[in-house]
Amino acid sequence: MARLVRTAAGVAAGLLLAGCGELVSLDAPSPEGTSGGSMQTGADAVTGPGSVGSMDASTGSDDDGDELPGPDLPVDPPAVCGPGCELELPRQWVWRGLDEPPGREPPPHVFSAITETGRDLFVAEQRGNQAWINSLDDDSGELRWSDRLSLVCDCQVIDLAPSPFGGVAFSAESIPDSSPIVVVGLLPPWSAAVEWWDYAFPYPIGERPVRVGSVLPLSAVFGAIGAAGVLFIQPDPTSSRPEQEDVKLHLSDGFNSFEVVVDTQRVTDGGTPPLGVSVGNDQLAVAFPAFTGEQEQGYAVWLDELSLYAADAQRLPGLPDGVAVAPGGGLLVLSHAVPEPGWVELQLGHRRADVPPQWEVVRRIQTDVVGPARLVMHPSGWVAVAVVVTREHDGQPQRSVEVLAFLPDDGRLLWRETVPLAAEQGLGLSALPDGGIVLATTIGDRVHVEKRRPTCACEEPTDDAPWW
């Protein structure tokens, strides 16, 4: 059944960095049909309030990383460092996952998720069939504790997020080649002994896997402390519709649980999980891949947190990679597209329900292989984006991580740095209150976590100073 919501015109809103109507259907439109907003897709493009881009715009030939300003935006980004100073991203500490006991071949260490609670950094990893949680001191990187997640299933953690009432909510799924299980639960701050967990058994169909995505810590559902939801995509269990899939939200507080179907749509590729976040004003925002009739892109859908009814839906320009809460309660969405071999377009936008996008910006990055991209709203007032890129050097592919910083009020690029991090399995990104960022991945079958801090390095012999 089609879900239709009406959008209305609005005005842009944003937060300055301190210091230095038409009907939209969630059903797939026909190939010749169009819906949602448009967006420039040049070598680098920005669309601001009131500006209109074109999906057929030229992609350009050379990318020098400069912005093409929209009509309502300033041309130059603010200076992040003073004269004689350059921004650098030095490493503050590094932590490597625990070794296996001697004399035993170690199973692959698959990095899963990372989050920060304001006191500790929580890192989930997979050791064989078991999920483990590691708690690190976010200032020194010292390991506080490492504990096996006490689940009665062979499951791997997919996402972690701090609960507004303390502890850490998590989503998990069964390991490959086992019966599909979708898990949501809550951890205390001091161990991996779960306070509660709940699960669902979705229906698999043939080779089409179930995709588990974000965990959403909630306060309004059930009126109970510690409720959470998990997003997942499953093949439609109705045998008469094998070409359909359901985007679902499973909610629980450890005692009560129920599921909501966010959308029923045509089958999409299994590589993109659904994402979600609570954006304030009693609203949840969900982003998921969707087939438009010509190609896979995505949708952002706003749900009322109490009724869970859809309030608005907007088409995304690419496949969603990350969501975060913007200042003032807006939604930041990171998506990507591959315009041609050897390039990826990162598409970052600020959106609100029932109004056109506040701004959208595209950054083209050269890479032979499109790695995972991550997004976080930094407590210091800027937006951090990280993506794994692969480029050939001396005839050999080499991996690194591109880190970009944007202003949340208009999407202007502040700085861009390359981190020599050979990410092998996955990528995690977290932001720390002291201005640092944390990158996590797997290198050589061990989890690798490192903290980096943007710093203005100056020519004069003086202590390095934070750029903000």
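Residues numbered from 1 in each chain as written. Predicted model: local features only at pLDDT ≥ 70, side-chain atom pairs only at ≥ 80, totals over all residues. Heavy atoms only, no water.

**Student:** Would you mind showing me how to read the sheet that holds strand E17 (residues 257–266) here?
**Tutor:** Read from one edge of the open sheet, four strands run E14-E15-E16-E17, paired in antiparallel fashion. This sheet does not close on itself; its edge strands, each paired only once, are strand E14 (211–218) and E17. Each neighbouring strand pair of the sheet contributes to a mean axis angle of 20 degrees, computed without reference to strand direction. As defined by bridge partners, strand E15 (residues 227–235) adjoins strand E16 (residues 244–252) across eight bridges and the pair is classed as antiparallel. Paired with Leu231 across the two strands is Leu249, which belongs to E16. (Pairing = 2+ DSSP bridges. Helix = DSSP H or I, 4+ residues; strand = E, 2+ residues; numbered from the N terminus. Axes fitted to C-alpha atoms, helices over the stretch in contact; angles between N-to-C directions.)

**Student:** Explain the state of the cysteines to me, please; I cannot follow it from the model alone.
**Tutor:** Among covalent bonds in proteins, the disulfide is the one between the sulfur atoms of two cysteines. Going through the model one piece at a time under the given rule, you end up with three disulfides. Each sulfur of the disulfide joining Cys81 and Cys456 lies 2.0 Å from the other. Since a negative S-S torsion denotes a left-handed disulfide, the Cys81-Cys456 link at about -85 degrees is left-handed. In this pair, Cys81 is assigned in the loop between strand E3 (44–47) and strand E4 (85–88) and Cys456 in strand E33 (residues 455–458), connecting sequence segments 375 residues apart. You can call Cys456 buried: its relative accessible area is 7%. The disulfide that involves Cys85 links it to Cys458, with 2.1 Å between the sulfurs. Here the S-S torsion is close to 100 degrees, and the disulfide linking Cys85 with Cys458 is therefore right-handed. One end of the pair, Cys85, is in strand E4; the other, Cys458, is in strand E33, and 373 residues separate them in sequence. Sequence-ordered numbering of the bonded cysteines in the chain yields a pairing of 1-5, 2-6, 3-4. (Disulfide = S-S within 2.5 Å. Buried < 20%, exposed > 50% of the residue type's maximum accessible area, 1.4 Å probe, protein only.)

**Student:** Explain the sheet that holds strand E10 (residues 155–162) to me, please; I cannot follow it from the model alone.
**Tutor:** Strand pairing in a sheet relies on backbone hydrogen bonds. The paired strands run either parallel or antiparallel. Taken in spatial order, the four strands line up as E10-E11-E12-E13 in an open sheet, and their pairing is antiparallel. The sheet terminates laterally at E10 and strand E13 (196–200), the two strands that pair on one side only. The average angle at which neighbouring strand axes cross in this sheet is 20 degrees, direction not considered. In terms of strand pairing, E10 meets strand E11 (residues 168–174) through seven bridges, oriented antiparallel. Its bridge partner lying in E11, Ala161 is registered against Ala169.

**Student:** Even after reading the chapter, I still don't get the pattern of salt bridges, so can you show me in this structure?
**Tutor:** Summed over the entire model, instances satisfying the criterion amount to 14 salt bridges. One continuous salt-bridge network, built from bridges that share partners, spans Arg91, Glu450 and Arg452. (Salt bridge = Lys/Arg side-chain N within 4 Å of Asp/Glu carboxyl O.)

**Student:** I'm lost on unusual backbone geometry in this one. Help?
**Tutor:** Among all residues save glycine, negative phi is the norm, and among peptide bonds the norm is trans. A positive phi is found at Leu308, a non-glycine position, where the angle reads about 65 degrees. Note that Leu308 resides in the loop between strand E20 (296–304) and strand E21 (310–316). In this structure Leu308 comes out as buried when scored by relative accessible area, which is 6%. Look at Asp354: it is not a glycine, yet its phi comes out positive at around 70 degrees. Inspection of the secondary structure puts Asp354 in the loop between strand E24 (343–351) and strand E25 (359–366).

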